[in-house]
Amino acid sequence: MAPFYPPNTVLSGFKERPEALLVQGDKLYVGTATGSLFIYEYNELSENRSTLVDTKKGLSRRPIDQLGYIKDVNSLLSLSESIPTLYPLPSFTPPTPLTRAKGALTFAIHSSVNIIDPSDAQGGANAGSRAGTVPTMMTQLVVGCRRKVVIYAWKDGEAQEIRENILPHSPRVVVFLDSDNVCFAYSSTEYALFCISKLTTLDVTTPIPASISMGAFSGLSGYMTLGLGAKAKPGLVRLSDTEALIVKDNQGFIIGTDGRQTKPVTIDWPSPPDEVAFVNPYIFSILPPGTVPVPENGGTSLPSGSALAAPQSSLIPSPVVQVISSLTTQSVQTLPFPPTSSVSSAAICTIRLLTSSPAAKAPIFLVATPSDRTVATSEGSSIWQIRMRSWGDQIDELVQRCLYADALSLLDTLDKALLPDKDQRRTHIRALHAVSQFRLGKFDDAINSFIELDLNPAKVVALYPERIAGRLSVPPDDWIPLFGGPANQQLLTSKNDDAMSIRSQNEGNESKEKLLESSPSPATPVRAAVRRGTALVALLSSSKDKDDDAVSISGKKKVKHVDDFSRSVDSLWRYLTDRRPKVAGALAAVHIAPAQSHQWPFLSETSTEELFALPNIPLPLLTPAQLVRFAQIVDTALFKSYLVTQPALLGALCRLANWCEVSEVEEELRAREKFAELIYLYNGKKMHAKALNLLQQLSEKETDMRDKLDPSISYLRKLGPEYINQVFESSRWIFEEDRHMAFEIFTSDDVELPRTQVTDYLEKIDPAISTRYIEYLIDEKGEESPAFHERLAELYLNMTLSARKRGEEAKAFEVYSKLLHFIDTTDHYRPDRLYGLLSENLYEARAVLLGRMGRHEHALELYVYKLKNYAKAEEYCKRIYNTNGVSRSIFLTLLRLYLRPTDKAAPNLLQPALELISRHSPRLDSVETLQLLPPLVTAHDVRPFLQEALRAPIFDSHVIRDIHKARNEQVARKLMLLESRRVRVTDSRICPQCHKRLGSSVIAVHAPRGEVTHYQCRDAFARRLLDPTKI
């Protein structure tokens, strides 16, 4: 589909020859060669597009060469008789000739809104009275006259000072680039830039055209005639604020404000265009009959240069309107004119391009006039309009043809107001363009686009083969539909922007080679000979470079399979490593960590359709479930790419928490014997059963028991209580191999398993292992729960009884000793409960438990009568004896059991009793001990006891009594001495301080010698007593 609709007739049968045209609002103004102005009411959407509303006959005596509109003064500007004239609308009176611009050849109008500082507009006096800036409407009119330029300006409707400047030549075409830069066309080969603010000119420099045509020679009469049918005016159009297109012969150059080319490429026409015009972003040109080949694709012309070698039978015999994209400099549409099936009638027409306004988006009108004067008089001229298709349709067409770069370039020229969904379309087309680049091997460029667009990583990974993408892999023919492109376009997909350019170069080279082989005949017309000669020069200068490029491209294809895969994987790493931390950050924002990956559904549980349907939006806008899917896709692809090209990097990735899909990689890891990485991966995904089964399988290859069991033991030691059943299940085979090593599973310092469950499990395997575990809990972990202490005692008891039944006395003695030591040294159990479990023949254990319950006499009975172990009985008494407690008479209780037996079968225990009395007499009550002794015991047998009992108390009482008596006597003597001291004061006694008689004055007596002084002299005399040197 071409970007423009076929031309539509606006006016037909127009008897006068149109020379100028302007559309302003709903009015169409047509200026004729007779100086008349026709005014039509114009409606582009109605069937009858134009209706004549007024005619201004004789507005000028000469042809109206150009029309324009100046909004500031609401006036129509007409150029006729070499002078521009302003006609106020709608009355057209009074006209205002711009006499300063006499000898005018052309003009250009530019309007803009300028932001002006009030201080600059009013001077410094009122600078502080107004704040901010003021928008000002500025309109400029540049009139090109003979060897000069005249500049008119209006600011907010007010006329400004007229300026003019002398030029070296007469400008025949003037176009504005921006408000300060204007481009002049002096002739078809001479162009210049003019700066309005500086009133300076700058010549445009371009390379020498590669071809020379007869049009160059016809330029000798360039200034003679300007009417219809005469030499066409120079080709000059404005492309943007910084660029303009100039035409030299059959080449177009894009220049900037510095007068130099801004793009290295040129626009090549098969013949010098008669006229050019511009509607953003398309360049219109009128080409003579017999110069343009017949299009093969219904609207898009052949690549430039191929027309040179086209035979005459394939050329269009009528004038042609060729449309070229300024973005790609390629022809996009060819319109034979007029659009009729009759070639003969079309061949006798002459057409001109008339733009309604210099604005870039103004409509394009064509004037068709029969060349024959008789036909022109009878039928008249016709005015046609070329209307552009909607922007959306044009972009869709480019996408359908897989010309994504062209579509993006076209989008960049559009304002969002013209295409509301511009951003969405741009994202979509950029994605398709990236896929196209990826297919051509431009992996870095494609990946850069994928990263910038926040595309669904499932689609990016799908571009890779199955060994990396897994079930997401998509055949290359389905890449474009996967990214939302047109379906069933496999053939066009390979003809994207770059591929088509390569092919066009190759085709151009082939056609030029054919041209070189054929030499021009002597009968060839001069014009054709010149064209062929210039084409030959062009081929000699460019074919070598282009052929070298084609050879390099074909050379790359030979090694594409190996090198391209490695480069594509490198680019994939860059994409995945860019996505991975960003996805992790987005997940962290919603409190989801890779360690929780086992809590989410696996990637294998989601269909590929659902994965490809994930949205292409920024990560913060995704739901948690969508973010998890992104993370799973990214990590799985990264894992598989490492596995294929860099297996050494797998370990680091597996040891870290990740979102990799295990089912996608485990078989490959097994095949490559990457068992350590697979175990790390299983562990990270909480697939402990698979990891432990793999460890068990690997252990079968080991002969050393430590090497065989250590990996499984180390793994099990790290499992927490939530995997207690898995620990029990996977540790059983280890217990069968080596129980002592297997016990290490439950002594981990990293995790704490439920102690009761572990005890039950170990007891089922072996009570001895269970007792070892409880001993570990009590000794190492400080377990104080009565349940474990009682359970350990019960295990000891049961093991003792079982060993005795089996006749294993040594084993029974060992375990029974542990039981006795345990119940005797710990307090964290209930003695009464344990006592009820003991059998009758475990006397010592019963004695310990009775002692724990405070039944000391019964405990001593067991030591004395059942065990007959008097030393242990005595040790028992030593351990619990307390002088201030209830157990202070424990030795007397033991003595009573010796001397007053409660068991009739007890032997004579006098000797142990006497030994007890001799060793512990201080702890025995003397009176009660003597009362317990049998009558036949001699004093000699208890002589040490009697001596101790009789001597120690008497000595103590005598000493205390004598000390008290001596103390009392000492106090009595001192009191008597003090009471016997006297002081006599006579009339002759003198005070030792003041040496005056004491008389009847108040006195003071001083110790220790009894000196007597006046009361008022006491302090002074006391100081003398303290310092003997003053006495």
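Residues numbered from 1 in each chain as written. Predicted model: local features only at pLDDT ≥ 70, side-chain atom pairs only at ≥ 80, totals over all residues. Heavy atoms only, no water.

S.K.: Residue-level account of the confidence of the model for the chain, with values.
M.R.: Scored by pLDDT, the chain has a mean of 82; 83% of the residues are at 70 or more. Across residues 211-230, confidence stays below pLDDT 50; counting only partners more than four residues off in sequence or on other chains, it has 28 contacts. Counted against residues more than four places away or in other chains, residues 493-562, with its pLDDT under 50, gives 60 contacts. (pLDDT = per-residue confidence, 0-100. Contact = heavy atoms within 4.5 Å.)

S.K.: Before we move on, could you go through the side chain of R389 and cite the residues and values that matter?
M.R.: Topologically, R389 is positioned in the loop between strand 29 (381-386) and helix 5 (391-400). Summary of buried charges: R389 has no salt-bridge partner, and the nearest side chain of opposite charge, D393, is 5.8 Å away. Side-chain polar atoms of R389 contact the backbone oxygen of A2, separated by 2.8 Å. (Helix = DSSP H or I, 4+ residues; strand = E, 2+ residues; numbered from the N terminus. Buried < 20%, exposed > 50% of the residue type's maximum accessible area, 1.4 Å probe, protein only. Lys, Arg positive; Asp, Glu negative; His and termini not counted. Salt bridge = Lys/Arg side-chain N within 4 Å of Asp/Glu carboxyl O. Polar contact = N/O pair within 3.5 Å; in protein donor to acceptor, adjacent residues only side chain to side chain.)

S.K.: Mind laying out the packing of aromatic side chains, listing which residues take part and the relevant values?
M.R.: Following the criterion strictly, the structure yields 24 aromatic pairs and no others. An angle of 65° between the planes, with centres 6.2 Å apart, marks the rings of F735 and Y761 as edge-to-face. Here the residue F735 occupies a position in helix 23 (residues 724-737), and Y761 occupies one in helix 25 (residues 755-765), the gap between them amounting to 26 residues. We note that F735, like Y761, is buried. When the centroid spacing of 6.5 Å and the interplanar angle of 85° are considered together, the rings of F743 and Y776 count as edge-to-face. (Phe/Tyr/Trp six-rings, centres within 6.5 Å; stacked < 30°, edge-to-face > 60°.)

S.K.: Would you mind going over the pattern of salt bridges in detail, with residue names and values included?
M.R.: Using the criterion set out here, one finds 48 salt bridges in the structure. A salt bridge links E19 to R17, with the nearest nitrogen and oxygen atoms 3.0 Å apart. Between R846 and E840 there is a salt bridge whose closest N-O contact spans 2.7 Å. Exposure remark for R846: the relative accessible area of 13% places this residue in the buried category. For E840, a relative accessible area of 57% translates into the label exposed. Taken together, the salt bridges that share partners define one network made up of R17, E19, E275 and R352.

S.K.: How would you sum up unusual backbone geometry? Please name residues and give values.
M.R.: Backbone torsion omega between L89 and P90 reads 0°, so that peptide bond is classified as cis. For the bond running from N280 to P281, omega is 0°, close enough to zero to count as cis. Tracing the backbone shows P281 in the loop between strand 23 (275-279) and strand 24 (282-287). Even without glycine at this site, H995 takes up a positive phi of about 65°. By the element assignment, H995 lies in the loop between helix 36 (943-979) and strand 30 (1003-1006). With a relative accessible area of 60%, H995 lands in the exposed category.

S.K.: Give me the nonpolar core: which residues, what numbers.
M.R.: Judged by nonpolar contacts, the single largest core of 184 residues is most densely connected at F284, F450, F746 and I823. The greatest single-element share of this core, amounting to eleven residues, is contributed by helix 17 (residues 624-645). Excluding its chain neighbours within four sequence positions, the residues that come into contact with F284 are F4, E275, V276, A277, V279, V321, Q322, V323, L353, I364 and I386. Grouped together as the second largest cluster of nonpolar side chains are 28 residues, L193, V237, I254 and F278 included. (Core = buried A, V, L, I, M, F, W, Y, C linked by side-chain atoms within 4.5 Å.)

S.K.: Tell me about the sheet that holds strand 7 (residues 75-80), residues and numbers included.
M.R.: An order of 6-7-8-9 is seen for the four strands of this open sheet, with the pairing classed as antiparallel. Pairing within the sheet leaves two strands with one partner each, and these edge strands are strand 6 (64-70) and strand 9 (96-97). Here two bridges tie strand 8 (residues 83-88) to strand 9, and the two strands are oriented antiparallel to one another. Bridge pairing in strand 9 places T85 opposite P97. (Pairing = 2+ DSSP bridges.)

S.K.: Residues and numbers for the sheet that holds strand 17 (residues 191-195), please.
M.R.: Judged by pairing direction, the sheet is antiparallel, and its four strands sit side by side in the order 15-16-17-18 without closing on themselves. Of all strands in the sheet, those with a lone pairing partner are strand 15 (173-176) and strand 18 (200-203), marking the two edges. Within this sheet the neighbouring strands show an average axis-to-axis angle of 25°, counted without direction. As judged from the four bridges shared by strand 17 and strand 18, these two strands associate in the antiparallel manner. If you follow L193 over to strand 18, its bridge partner there is L202. (Axes fitted to C-alpha atoms, helices over the stretch in contact; angles between N-to-C directions.)

S.K.: Go over the packing of helix 30 (residues 843-852) against helix 31 (residues 856-866) with me, naming the residues and quoting the values.
M.R.: Packing of helix 30 against helix 31 leaves a shortest axis separation of 7 Å and a crossing angle of 160°. Put simply, helix 30 runs roughly antiparallel to helix 31. The two elements helix 30 and helix 31 meet at a crossing, and its hand is left-handed. Listed contacts from helix 31 to Y843, E844, R846, A847, V848, L850 and G851 of helix 30 are H856, H858, A859, L862, Y863 and K866. For the contact of helix 30 with helix 31, the class distribution of residues is seven nonpolar, three polar and three charged. (Parallel < 35°, antiparallel > 145°, perpendicular 65-115°, else oblique. Left-handed = near helix turned anticlockwise from the far one by under 90°. Nonpolar A, V, L, I, M, F, W, Y, C, P; charged D, E, K, R; others polar.)

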